[in-house]
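Listed below are the residues making up each chain.
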Amino acid sequence: MVLVLQRCISACVYISGRLHTSIKKGLVLFLGVEKTDKKDDVDKILKKVLSLRVFNDKNNKINLSIRDVKGSILLISQFTLCADLKSGKRPGFTKAAKSEEAEIIYNYFIDQLKKRSIKYETGVFGAAMDVNLINDGPFTLILNSDIN
């Protein structure tokens, strides 16, 4: 599982030219699900995301979590994060989970956000989306369930 986390001032998703959803201050999470990923990987990576101190406190120190700032999460499925770029000029996606399997993991991620009472919005799994965000910092982290 590969997850790109971007701290944002605001973010929104457009589908077919229409606003689908938006958030204010928070995190945009781009989620790539690999063939070997299980629900345990979601639990592990979500625990990490929710505990990361990535927001500034009153002394401008990066000391606060998403819960501390009462921020929102925008979750976007993005299989291209699973790309293999080792050879050739075209990305290979053999490590990416099949769509049906990835959607199960994606929906489990959403269920876990609900259970943890986190404010969140989502894109639409498998849809072509235009994602706009104002990256705060910029501040971007890459997490992998295998090593984090």
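Criteria and cut-off values
Sequence order as written defines the numbering, with residues in each chain counted from 1. For a predicted model such as this one, the threshold for reporting local features is a pLDDT of at least 70, and the threshold for listing and counting side-chain atom pairs is 80 or more; totals across whole chains, interfaces and linings nevertheless cover every residue. Hydrogens are left out, water is left out, and the side-chain values use all remaining heavy atoms of the structure. Labels follow the DSSP assignment, with helices taken as runs of H or I lasting at least four residues and strands as runs of E lasting at least two, numbered in each case from the N terminus. To estimate how far a helix should extend, the number of its residues minus one is multiplied by 1.5 Å. Accessible area is worked out with a 1.4 Å probe on protein chains only. A residue is then buried under 20% of its type maximum, exposed over 50%, and partly exposed in between. Directions drawn from the helix axis to the C-beta atoms are what define this arc. Note on contacts: a residue pair is in contact if any heavy atoms of the two residues lie within 4.5 Å. Criterion used throughout: strands pair if DSSP finds at least two bridges between them. Crossover handedness is defined by viewing with both strands directed away from the observer: a clockwise path from the first strand over the helix to the second marks the crossover as right-handed. What makes a nonpolar core is a set of buried Ala, Val, Leu, Ile, Met, Phe, Trp, Tyr and Cys residues whose side-chain atoms join them at distances within 4.5 Å.

This brings us to helix α1 (residues 39-51). If you check α1, its first and last C-alpha atoms are 19 Å apart, about what 13 residues at 1.5 Å a residue would give, namely 18 Å. Looking at α1, one finds that the buried residues are D41, V42, I45, L46, V49 and L50. Viewed end-on, α1 has its buried residues packed into an arc of 150°, placing them on one side of the element. Facing away from the buried side of α1, by more than 90 degrees, are the exposed residues D40 and K47. The elements touched by buried residues of α1 are β1 (2-15), β3 (26-32), β6 (72-77), α2 (99-115) and β8 (130-144).

Moving on: the side chain of T122. Its place among the elements puts T122 in strand β7 (residues 119-122). With residues up to four places along the chain from it excluded, the contact list for T122 reads H20, T21, L74, L75, Y106 and I110.

Turning our attention to the pairing of β6. Buried residues dominate β6, accounting for six of its six residues. The two faces of β6 match: S72, L74 and I76 on one face and I73, L75 and S77 on the other face are all buried. Bridging between β3 and β6 involves six bridges; their strand directions are parallel. What sits directly across from F30, in β6, is I76. Pairing geometry for β6 and β7, over four bridges, is parallel. For I73, the partnering residue across the bridge sits in β7 and is Y120. Handedness of the crossover joining β6 and β7 through α2: right-handed.

Turning next to the nonpolar core. Counting 30 residues, the largest nonpolar core has L3, L5, L27, L29, L31, I73 and F109 as the members making the most contacts within it. Counting residues per element, the ones that place at least two in this core are β1, β3, α1, β6, α2 and β8. Looking at which element gives the most residues to this core, the answer is α2, with seven residues. One finds C8, I15, I23 and I76 within the second-largest nonpolar core, a separate group that totals eleven residues.

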